[in-house]
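# Examining the three-dimensional arrangement
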Amino acid sequence: MASLLQRRAYFCLLLLLGVPLAVAQRLHATDEPNSQVPLGTSSTSAPAQPSPSSSVTVHPPPLHAWNAGLTVSGFHESTTGWATLAMPAVGYTINDTFAIDAAIPIYMYRLAESLAAHPKPDERLVSQRGEPGDAIFGLHAQFTPGPYLYQSTFAFTVPSGDEAYGLTTGRMTFDLNNHFERTFGRLTPILELGAGDSTTLVNRQVNKTYTSLGPLAHFQLGLGIDLMRRVAFETNVYEQLPIGDQKIYGPSRSGKTMVVKGYNVTEDNGFTNSLDLTLNSHTTLSGYYSRSLRRHTDTAGIGITYVLHATPPSEETSTYDDLFR
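Per chain, the residues get numbers from 1 upward, laid out in the order the sequence is written. Reporting of local features is limited, given that this is a predicted model, to residues whose pLDDT is at least 70; pairs of side-chain atoms are given and counted only at 80 or more, and all residues count toward the totals for whole chains, interfaces and linings. Values shown for side chains rest on all heavy atoms present in the structure; no hydrogens or waters enter the calculation.

### Here's the deal with the overall build of the protein
Summing up its helical and strand segments, the protein has 1 helix and 18 strands in all. Taking all 325 residues of the protein together, the buried fraction comes to 53%. Any two residues whose heavy atoms approach within 4.5 Å at even a single point are treated as in contact. The long-range fraction of contacts in the protein, counting pairs at least 24 apart against all pairs at least 6 apart in sequence, stands at 62%. Each accessible area is a Shrake-Rupley estimate made with a 1.4 Å probe; only the visible protein chains count as cover when residues are assessed. Accessible surface, the protein: about 14,600 Å² in total, of which carbon and sulfur atoms supply 64%. Under the DSSP-based scheme used, a helix requires at least four consecutive residues in state H or I and a strand at least two consecutive residues in state E, with every element numbered from the N terminus. Residue exposure (1.4 Å probe, protein chains only): buried if accessible area is under 20% of the type maximum, exposed if over 50%, otherwise partly exposed.

### What to know about the packing of aromatic side chains
Each aromatic pair joins two rings of Phe, Tyr and Trp (for Trp, the six-membered one) with centres within 6.5 Å, and gets the label stacked for planes under 30 degrees apart, edge-to-face for over 60, and tilted for any other angle. Applying the stated criterion across every chain, the model contains 7 aromatic pairs. Here Phe154 and Phe174 contribute two aromatic rings whose centre-to-centre distance is 6.4 Å and whose plane-to-plane angle is 25°, an arrangement assigned as stacked. With a gap of 20 residues between them, Phe154 in strand S8 (residues 148–158) and Phe174 in strand S9 (residues 173–182) connect regions that are remote in the sequence. Classification of Phe154 by relative accessible area gives partly exposed; the value is 33%. Site record: aromatic cluster; members linked through ring pairs are Phe137, Phe154, Phe156 and Phe174. Counted as over-ring charges are cases with an Arg CZ or a Lys NZ within 6 Å of the ring centre that also lie within 35 degrees of the ring normal. One residue, Arg110, lies across the ring of Tyr107, its end atom 5.3 Å from the ring centre. Between the NZ or CZ atom of Arg182 and the centre of the ring of Tyr148, over which it lies, the distance is 4.9 Å.

### Observations regarding a nonpolar patch on the surface
What goes into a patch is any residue over 30% in relative accessible area without a salt bridge, connected to like charges within 9 Å or, for nonpolar side chains (Val, Leu, Ile, Met, Phe, Trp, Tyr), within 5 Å. Salt bridges are defined as contacts in which a side-chain nitrogen from Lys or Arg sits within 4 Å of a carboxyl oxygen from Asp or Glu. On the surface, Leu70, Val72, Leu277, Leu279, Leu285, Ile302 and Ile304 cluster together into a nonpolar patch covering about 530 Å² of accessible area. At the level of secondary structure, the elements contributing two or more residues to the nonpolar patch comprise strand S1 (65–77) and strand S18 (297–307). When you line up the elements, Ile304 lands in strand S18.

### Remarks on the pairing of strand S17 (residues 283–292)
Pairing between two strands is assigned when DSSP locates at least 2 bridges connecting them. Here strand S16 (residues 268–278) pairs with S17 via 9 bridges, running antiparallel. Within S17, the residue paired with Asp276 across the bridge is Ser286. Hairpin connection of S16 to S17: 4 residues between the antiparallel strands. Taken together, the 10 bridges between S17 and S18 define a ladder with antiparallel strand orientation.

### Some details on unusual backbone geometry
Phi is positive for Asn203, which is not a glycine, with a value near 50°. On the basis of relative accessibility, which here comes to 15%, the residue Asn203 falls in the buried class. For His296, which is not glycine, the phi dihedral falls at a positive 60°. With respect to the element layout, His296 can be found in the loop between S17 and S18. Taking the relative accessible area as the measure of exposure, His296 reaches 57% and is therefore exposed.

### Comments concerning the pattern of salt bridges
Using the criterion set out here, one finds 4 salt bridges in the structure. The shortest N-O distance in the salt bridge between Asp226 and Arg186 comes to 3.9 Å. With Asp226 in strand S12 (residues 216–228) and Arg186 in the loop between S9 and strand S10 (187–196), this pair connects stretches of sequence that are 40 residues apart. The class for Asp226 is buried, based on a relative accessible area of 9%. Between Glu267 and Arg294 there is a salt bridge whose closest N-O contact spans 3.6 Å.

### Quick notes on the confidence of the model for the protein
Per residue, pLDDT captures the predictor's confidence, and it can take any value from 0 to 100. Of the residues in the protein, 67% have a pLDDT of 70 or more, and the chain-wide mean is 76. Low confidence marks residues 1–55, where pLDDT is under 50. Its contacts with residues over four positions away, or in another chain, come to 146 contacts. Confidence drops under pLDDT 50 across residues 57–62; counting only partners more than four residues distant or on other chains, this segment forms 31 contacts.

This is the structure:
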């Protein structure tokens, strides 16, 4: 029985992984000759989402060009307190459909669980500085047939994180996400669905205090609102569903990385609200609040993103970039 359930679970995973190819082929076939725009832009008018806690939005200026950016953010997690994160990133726009990027999170300051086997109640959290996380690489394909936008992102990590404090699984992980949206005036409904093998690459706008390994599917439904010029609000509800056995990696205990195993240890759901203010063509100020209904935790953050090459004036008010999500 367990084997049958496992086969069905992996079949669902394969279906999710197959969505982008089928949709991309159909969308590409229906694209009008001049309907596409450079990756990271669209016909709507809300500013891009820089995901302050763990991502950098690098707007590609002309096609076939490099760009770079940096996000510095502070966030508060209800179980561990405040932390400061820097996220340098670099990206390359191949053409009006494809782009690639890379980023690495660096925790300038955070409170981490003590490595002691039996820490005292008032010594469970210790301050850490300059801790790297896993490097993240992304491959993106965007299609814009008429008023619709579809973007497929394949992301994977390289284990460069601080293993002693549970910032890496010690293995490469991946995720494939499908983003759909359509704008109606100032409103933009958003749908995302994907699958992968780590929570590190899921809902990256919200910082996590753990890393995990194990197949999972994730879904997100949201609404973007163009409040005024250069100001945008977005609200999302999300669901994260494990498929098969999972492992959560935490700080070392007695020289060994602490691993929590189980079928549903990575299951999560909740909502996220974010507000973005485009200060100029190089700089975006962002903030967010997220509530995990399953884990009963709250996370809030504020960050500022700077990109080296400014967005062209005609594209300053474009909505969907988020290349480093």
